[in-house]
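Working through the structure, step by step
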Amino acid sequence: MTLRKIAHIGHPVLRQTARTLTRDELAQPETQRFIDDLIETMRDAHGAGLAAPQVYASVMICAIEVRDNPRYPYKPEVPLTVLVNPVLELLTDERFDNYEGCLSVPNLRGVVARATEVRVRAWDRHGQDIDTVVKGLTAGTYQHEVDHLYGKLFVDRVTNPATFTTWSEFELHHKADFVARARALVARYGS
Ligand code: ZN
């Protein structure tokens, strides 16, 4: 496996709508190797997720995994999930103010209102259908990753730019309040 370089905000690849894959393309050894690299790069960078455009590949693949994450210690665990050609449907008008960060937007966080319940339809890395409902804080992670496949970054969705903060100022001034709200959400949904 190879660690891939991560694209930063300003690079056009992050602004393209990624190309959907056929099941044949997905089954190719090079695509499977690419998915291994994506997972390895996500884990190495301590991301909660990583989308293919973030490693300069404009294809509809993203990975999500949360396990003892030092960047997001309050996030509930999410088993490794690979989504291919995902489509999200927001299932509720309820929103949660999620303080997000992104490996492609170094040293910045901001508040994004995310739906607390989404339905995701996709394939897994073997082309098997996924059709599931994701709730709570984890629903925010899914929305963030799938946004990448449509050329969107979390900064586009920050409605109040006054919430932007560096990671160290987040720790000092915003973390305690946010973690309390995040924990309440996780307690309610179990995810
Ligand atoms: Zn991101």
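Residues numbered from 1 in each chain as written. Predicted model: local features only at pLDDT ≥ 70, side-chain atom pairs only at ≥ 80, totals over all residues. Heavy atoms only, no water.

Each donor-metal-donor angle would ideally measure 109.5 degrees in four-coordinate tetrahedral geometry, or 90 or 180 degrees in six-coordinate octahedral geometry. Within the protein, the atoms that donate to the zinc ion are Cys 102 (SG), His 144 (NE2) and His 148 (NE2), at distances of 2.1 to 2.3 Å. One chain supplies every donor for the zinc ion, spaced along it as C-x41-H-x3-H. Of this pair, His 144 and His 148 both sit in helix 3 (residues 136–149), four residues apart, which is roughly one turn of that helix. A residue is classified by how much of its surface remains accessible, and His 144, at 7% relative accessible area, is buried. (Donors = N, O, S within 2.8 Å, 3.2 Å for Na, K, Ca; no water. Helix = DSSP H or I, 4+ residues; strand = E, 2+ residues; numbered from the N terminus. Buried < 20%, exposed > 50% of the residue type's maximum accessible area, 1.4 Å probe, protein only.)

This part takes up the sheet that holds strand 1 (residues 49–51). Spatial ordering of the open sheet is given by 1-2-3-6-7, a layout of five strands whose pairing is antiparallel. Of all the strands in the sheet, the pair left with one neighbour each is strand 1 and strand 7 (129–135). The average angle at which neighbouring strand axes cross in this sheet is 40°, direction not considered. When strand 3 (residues 78–90) meets strand 6 (residues 117–123), the two strands line up antiparallel, connected through five bridges. Counterpart to Glu 89 in the pairing with strand 6 is Arg 119. The sheet strands contacting helix 3 are strand 1, strand 2 (61–66), strand 3, strand 6 and strand 7, and the helix crosses strand 3 at an angle near 70°. (Pairing = 2+ DSSP bridges. Axes fitted to C-alpha atoms, helices over the stretch in contact; angles between N-to-C directions. Contact = heavy atoms within 4.5 Å.)

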